[in-house]
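Chain by chain, the residues:
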Amino acid sequence: DWTSESFVETTVAELKQQLGTDHVIMALSGGVDSTVAAVLLHHAIGERLHCFFVDHGLLRKGEYQQVLDSYKNMGLNIKGVNAKELFFSRLAGISEPEQKRKIIGSSFIDVFDEASKEIQKDLPEGAEAKWLGQGTIYPDIIESISVKGPSATIKSHHNVGGLPDYMKLKVVEPLKTLFKDEVRRVGKTLEVDSTILGRHPFPGPGLAIRVLGDITEEKVRILQEADDIYIRNLKESGWYDKVWQAGTIFLPVQSVGVMGDERTYEHVVALRAVGSLDGMTADWIHLPYDLLAKISNEIINHVKGINRVVYDISSKPPATIEWE
Ligand code: XMP
C-alpha cells in the first residue's frame, strides 16, 4: 500500500532514469503542488533543475518575497521574475472570467518563453533544457477533461496541457497520480517548508479571479489588505489549518454605509472558507460568529474603500469555490 516514503524513493529513481543528464525548466507558483514537484525533481537532478517564480501582481500581500525567500532556503535554483506591468496592462478592461484566464495563461507563456531563453543562454556548452516540470495533480486532470466534455464548461485550468508545440519541451509531471493530501504527505517526507506545505490552495490566475469584473491595481490592493486581515485572523485563531481553502472576494458592487455623520458609498468584500478533500466538492465552514465579527470590524475599520463584509454560505456543488 501507498506510503509517501516509497513514493519519493520510486519517483526520484524514475525521474533519474527518465531525465538522465537533461536540464529541466519549471515555473513555481508558491503553492504546495509546484513546490513539492520541484523538490522531487531537485532530489533527482539537483542544479539541472532551473526554476523561476513569476510575480504577476495578483498574489497575496507580501507573498512574492516570502515565497521566493523560502524557495532559496530550500536550496532550489530559482529566479524571481517581475512581470506585474505586463499582466495588469493586458488585463485592463477585461471582465469575463474565462477571458481573464486566457490572458493570464498566454501571458505566463510569454513570460515563460522569455525566462527560458535566458536560462538556455546560461547553460553549459552543448547543454539544452528539453523538459518542462509541472506540479499537475490528479484532480487537475479530471477537471480539465470535464472542461472538454460535451455537457460541461467548467473552468479552463491554464496550468494543464503544457506549452505550445513551438517550445518543443517535453512535460514531466511527477505528481499527476496524487491527490492533494498525498502531495502534502510527500512534501512532509521531503521536509518542504511547513509554511508552504500548510498553505491553502491558491488558483494560478490568483486574485484576478477574486476581483469580480474588471481588474485595476487599486482594487487588487484593497483586496490584498482585506485578505491579509482575514488570513491573519484565521491563523491567530487556529482556524487556518482547519479550513481547506479560504479567500476574500472583491465584489463589483458599491453599497451605502455610514461613518460618523457621513454617508459612504463603497465596496463590498465577501469572505469564503471551505472544507474539502480535493476541491471537487466543498462545504462552507461554520466559522464562529465572534471571529467573523472581529474580522469584519477590522476590515471595515482599516481598509479604506470597504464599508461592508459578507460571508459566503454556499457549498459546492452547485456553487464553485471561486466566484469566477
Ligand atoms: P472551483 O472554483 O472550480 O475551484 O470550485 C476548485 C479549485 O481549483 C482552484 N481553481 C483554479 N486553479 N487555475 C488554477 O490553477 C484556475 O483557473 C482555477 N480556478 C479555480 C480553486 O482555487 C480551488 O482550489
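Residues numbered from 1 in each chain as written. Predicted model: local features only at pLDDT ≥ 70, side-chain atom pairs only at ≥ 80, totals over all residues.

K.L.:
Would you mind going over the nonpolar core with me for this structure?
P.N.:
General note: in soluble globular proteins, nonpolar side chains tend to be found buried as a group. Ranked by size, the top nonpolar core spans 73 residues in total, and within it Val24, Met26, Val36, Ala38, Leu41 and Ala226 carry the most contacts. Per-domain counts for this core show at least three residues from each of domain 1 (4-197) and domain 2 (210-311). Every residue in contact with Met26, bar those within four places of it in the chain, is listed here: Ala38, Leu41, Leu49, Cys51, Leu132 and Gly133. (Core = buried A, V, L, I, M, F, W, Y, C linked by C-beta atoms within 7 Å. Buried ≥ 20, exposed ≤ 12 C-beta atoms within 10 Å, placed from the backbone. Domains from an automatic or database assignment. Contact = placed C-beta atoms within 7 Å.)

K.L.:
Sorry if this is basic, but what is going on with the domain arrangement of the chain here?
P.N.:
One widely used convention gives an interface's size as the accessible area the parts lose upon coming together. When cut into domains, the chain gives domain 1 (4-197) and domain 2 (210-311). For domain 1 versus domain 2, the distance between C-alpha centres works out to 28 Å. Contacts between the two partners involve twelve residues from domain 1 and, on the opposite side, twelve residues from domain 2. Within the side of domain 1 that touches domain 2, the residues separate by chemical class into six nonpolar, three polar and three charged. (Nonpolar A, V, L, I, M, F, W, Y, C, P; charged D, E, K, R; others polar.)

K.L.:
Is there a simple way to think about the sheet that holds strand E4 (residues 129-133) in this case?
P.N.:
Hydrogen bonding along the main chain pairs the strands of a sheet, whether they run parallel or antiparallel. Spatially, the five strands line up as an open sheet ordered E3-E2-E1-E4-E5, and their pairing is parallel. The open sheet terminates on both sides in strands that have one partner only, identified here as strand E3 (78-82) and strand E5 (170-172). Direction aside, neighbouring strands of the sheet carry axes that sit 30° apart on average. Pairing of strand E1 (residues 23-28) with E4 involves four bridges; the strand directions are parallel. Residue pairing in the sheet places Val24 in a bridge with Trp131 of E4. Each of E1, strand E2 (49-55) and E4 is contacted by helix H2 (residues 32-45), which is oriented at about 160° to E1, the strand it contacts most. (Pairing = 2+ DSSP bridges. Helix = DSSP H or I, 4+ residues; strand = E, 2+ residues; numbered from the N terminus. Axes fitted to C-alpha atoms, helices over the stretch in contact; angles between N-to-C directions.)

K.L.:
What should I look at first to understand the UniProt feature "binding site: ATP" (unreviewed entry) in the chain in this one?
P.N.:
Per the UniProt record, "binding site: ATP" (unreviewed entry) is found at Ser29, Gly30, Gly31, Val32, Asp33, Ser34 and Thr35. Structurally, Gly30 is set in the loop between E1 and H2. Leaving out residues up to four positions away in the same chain, Gly30 has contacts with Phe53, Leu59, Glu63 and Val67. By secondary structure assignment, the location of Asp33 is in helix H2. (UniProt positions renumbered as here; feature names shortened; annotations may be inferred.)

K.L.:
Would you mind showing me how to read unusual backbone geometry here?
P.N.:
In most cases, non-glycine residues show a negative phi, while peptide bonds are predominantly trans. Going from Lys316 to Pro317, the amide bond is cis rather than trans, its omega being -10°. One can find Pro317 in the segment after strand E9 (306-311). The residue Glu191 is not glycine, and still its phi comes out positive at about 55°. C-beta crowding within 10 Å serves as the criterion here: with 10 such atoms nearby, Glu191 is assigned to the exposed category.

K.L.:
I tried to follow helix H9 (residues 217-236) on my own but got confused; where do I start?
P.N.:
Every α-helical turn comprises 3.6 residues, leaving residues that sit three or four positions apart pointing alike. The end-to-end C-alpha distance of H9 is 28 Å, a good match for the 28 Å that 20 residues give at a rise of 1.5 Å each. Within H9 the residues assigned to the buried category are Val220, Ile222, Leu223, Gln224, Ala226, Asp227, Ile229, Tyr230 and Leu234. Buried-residue contacts for H9 involve strand E6 (245-259), strand E7 (262-275), helix H10 (289-302) and E9. The first or second residue beyond H9 is Gly238, which carries a positive phi of 85°. (Expected span 1.5 Å × (residues − 1).)

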